[in-house]
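Architecture at a glance
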Number of protein chains: 2
Amino acid sequence: MAVSHNGSFAEATAVNRRADGSGYDIDLDPGWAIGDKPNGGYLTATLARAAVLEAARAGVDHPHPLAVSTTFLRAPDAGPAAVEVTVLRAGRGASQLQATLRQHDRLCVTALLTLGTLTDDAAWWDDLPVPDLPSIEDCLLLPDTSPVGVPIHLMRNVHERLDPSTLAWGAGKPAGRGELRGYAAFADGTPWEPLSVLLALDCYPPATFDLGTAGWVPTLELTCYVRGVPAAGPLRVRQRAQLVQGSRVDEVCEVWDSSGRLVGQATQLAGVRTPDGPPAARSPAT
Amino acid sequence: MAVSHNGSFAEATAVNRRADGSGYDIDLDPGWAIGDKPNGGYLTATLARAAVLEAARAGVDHPHPLAVSTTFLRAPDAGPAAVEVTVLRAGRGASQLQATLRQHDRLCVTALLTLGTLTDDAAWWDDLPVPDLPSIEDCLLLPDTSPVGVPIHLMRNVHERLDPSTLAWGAGKPAGRGELRGYAAFADGTPWEPLSVLLALDCYPPATFDLGTAGWVPTLELTCYVRGVPAAGPLRVRQRAQLVQGSRVDEVCEVWDSSGRLVGQATQLAGVRTPDGPPAARSPAT
């Protein structure tokens, strides 16, 4: 059983190529888990790291993940796992790869990745302006233990400070807007980069907490688009629940860098258990 | 060379299992192409049909696509192609599969699919109300030829009627909001179903047309969530461009059935060529 070594993001997502070329070994870091299950954004970033390495080995000069769609089959435990990467196509402007994580010979997670090169061109059109947020000092740091005592190890490595107006569920009074907003920064001061944006896009608590649901929201599918190389400083994060129906919810997450530039977007479909009766409040129709 | 046979949706997406069990054959229908390239939603629906069939053969009772993320490597031509399907995991509430389309032994499209069973439960939370639209009679039918003479065969099989306020680009005066709205219905009256919702989610013109761009917007990645079994009648469609930066755009598409229920959502990352200078107009910050 692996112990929490709380490595940096680079250490926690490190993949080691096997001498026989059959893939990569990884030791999934319990310091990036919720309870004993590694976070889905962490797993996605790990697969993307392996894919970028394998692309470079194949002579493909596409260092950045542009689009990563991850399908979750079984939640792996922290500890050793194996990653296989296949270059599906090496292209001019973009390349496509697939990366798959197995543990105890069982398929756990697989992702299709489009790699390319991010540019620092200014946005030609931007309909996702950075949301207003209180200063980071006026936001509240999420604790590393859930209200029911589950250790949220991830929160020791990623400091998430939430706009208090979106955190009333923490005191049992969800605002009923299905939206969380705030900041995210590595506890050790590591700057964000395109690979870790994939983690940021799935590091927030479920936005359904703001609707009065509790408990795990297991992701079925997560699609991340990385749109820019982040500037130094904390990311601003907005996570929204759009439709909760038939025990499933879709959530949208967007992250902006400290200069106000949108650097990542994600959508996920997840399972959710809703309480009886209507949600705590209803958002006005937008 | 295949000729346009303009079959129904069911005929155009029909897949035939090979006797040796090695996969499915399909004849990609030129009647569902833009120019000579089959539409991406059509290809996604075709892969999903093969996946649902293969799941049923494997004894998996998950008849509906819940999430489909499609990566486009090379645009196939109309004509014969081969689809391979792998059941990655047969689960209780959901199953995961992968479907891949090859033509002339070249990998063209691959998709990860999560299948399950859609329910008709009422939404517990819904932050995506159906947009206001003029009556269908007051909307404008898109022609089956582009302004520069490219045949848009798809439009003969899917009638798309757009809200005139989002169609000013057709007269060379884009509104500059990056949003298209309207209706979609099969020309032959076929009712919408979960599989064809995948087509509906990628059948509209690029929302960037409303920003003053022209030309093809090749999809890199398309993720679709199907959220309900559509009621009879036309779908309402909204397609929005969010961020155009560095020759790439993300677009969000949502479709509601005639009862006003959200039945599908999609996001895509695509290439785009922007003209010099700013877009025709800027959306107010939302």
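Up top is the structure these notes are about.
First things first, this report covers the structure right here in the doc. For clarity, every value in this text was computed on a predicted model and none was experimentally measured.

Quick look at the overall build of chain A now. The helix and strand tally for chain A stands at four helices and 16 strands. Rg of the C-alpha trace for chain A: 18 Å, near the compact-globule value of 19 Å for 286 residues, within the 12% margin. Once the C-alpha set of chain A is aligned to its principal axes, its extents read approximately 55 × 50 × 35 Å. Within chain A, the proportion of its 286 residues that are buried is 59%. The contacts of chain A with a sequence gap of at least 6 include a subset with a gap of at least 24, amounting to 69%. When the accessible surface of chain A is summed, it comes to about 10,900 Å², and 52% of that surface belongs to carbon and sulfur atoms.

The subject of this paragraph is the packing of aromatic side chains. Residue and element names in this part refer to chain A. Throughout the structure, instances matching the rule amount to twelve aromatic pairs over all chains. Plain terms: the ring middles of Phe9 and Trp32 are 6.1 Å apart, the flat faces sit at 65° to each other, and that makes the pair edge-to-face. Placement of Phe9 in helix H1 (residues 9-12) and of Trp32 in the loop between strand E2 (24-28) and strand E3 (33-34) is noted, with a sequence separation of 23 residues between them. Just as Phe9 is buried, Trp32 falls in that class too. Aromatic ring contacts, followed pair by pair, group Phe9, Trp32, Tyr42, Phe186 and Trp192 into a single cluster.

Okay, the interface of chain B and chain A next. Counting residues at the interface gives 66 residues for chain B and 66 residues for chain A. Both sides together, the interface formed by chain B and chain A hides about 5,500 Å², and carbon and sulfur atoms give 57% of it. On the chain B side of the interface with chain A, the three residues burying the most area are Trp124, Trp125 and Arg227 of chain B, jointly 19% of the side's total. Where chain B meets chain A, there are two salt bridges. The residue Arg227 of chain A makes a salt bridge to Asp250 of chain B at a minimum N-O spacing of 2.8 Å. At the boundary of chain B with chain A, the tally comes to 39 residue pairs in polar contact (both at pLDDT 80 or more). Each residue belonging to the side of chain B that touches chain A can be placed in one class, and the counts come to 31 nonpolar, 22 polar and 13 charged. Inspection of the sheet shows strand E14 (residues 235-245) of chain A paired to strand E9 (residues 125-126) of chain B by two bridges, in the antiparallel sense. Within E9 of chain B, the position partnered with Val244 of chain A by the bridge is Trp125 of chain B.

The next thing to look at is the pairing of strand E6 (residues 79-89) of chain A. Residues and elements named next belong to chain A. Where E2 meets E6, five bridges bridge the pair, whose relative direction is antiparallel. Following the sheet pairing, Asp25 is matched in E6 by Ala82. As paired strands, E6 and strand E7 (residues 95-103) are joined by seven bridges and run antiparallel to one another. Its bridge partner lying in E7, Glu84 is registered against Thr100. In this antiparallel pair of consecutive strands, E6 and E7, the connection spans five residues.

As a further point, take the relation of the copies chain B and chain A. With an axial shift of 0.0 Å and an RMSD of 0.0 Å, the rotation relating chain B to chain A amounts to 180°. The transformation just described matches what one would write down for a two-fold rotation axis. The position closest to the rotation axis in chain B is occupied by the C-alpha of Ser69 of chain B, lying 3.2 Å away. Most of the interface of chain B is mirrored in chain A, where 100% of its interface residues again form contacts.

With that settled, consider the pairing of E7 of chain A. Residues and elements named next belong to chain A. The buried fraction of E7 amounts to eight of the nine residues, a majority that puts the element mostly inside the structure. Summarising the sheet, E7 and strand E8 (residues 106-116) pair through nine bridges and their orientation is antiparallel. Paired with Leu101 across the bridge in E8 is Val109. Linking E7 back to E8 in an antiparallel pair, the connection comprises two residues, with His104 at a positive phi of about 50°.

Reading guide: rules and limits
- Residues numbered from 1 in each chain as written.
- Chains lettered and ligands numbered in written order.
- Predicted model: local features only at pLDDT ≥ 70, side-chain atom pairs only at ≥ 80, totals over all residues.
- Heavy atoms only, no water.
- Helix = DSSP H or I, 4+ residues; strand = E, 2+ residues; numbered from the N terminus.
- Rg over C-alpha atoms; globule rule 2.2 N^0.38 Å.
- Buried < 20%, exposed > 50% of the residue type's maximum accessible area, 1.4 Å probe, protein only.
- Contact = heavy atoms within 4.5 Å.
- Areas by Shrake-Rupley, 256 points an atom, 1.4 Å probe, with all protein chains shown as cover.
- Phe/Tyr/Trp six-rings, centres within 6.5 Å; stacked < 30°, edge-to-face > 60°.
- Buried area = accessible area lost by both parts, 1.4 Å probe.
- Salt bridge = Lys/Arg side-chain N within 4 Å of Asp/Glu carboxyl O.
- Polar contact = N/O pair within 3.5 Å; in protein donor to acceptor, adjacent residues only side chain to side chain.
- Nonpolar A, V, L, I, M, F, W, Y, C, P; charged D, E, K, R; others polar.
- Pairing = 2+ DSSP bridges.
- Least-squares fit on C-alpha atoms with pLDDT ≥ 70 in both.

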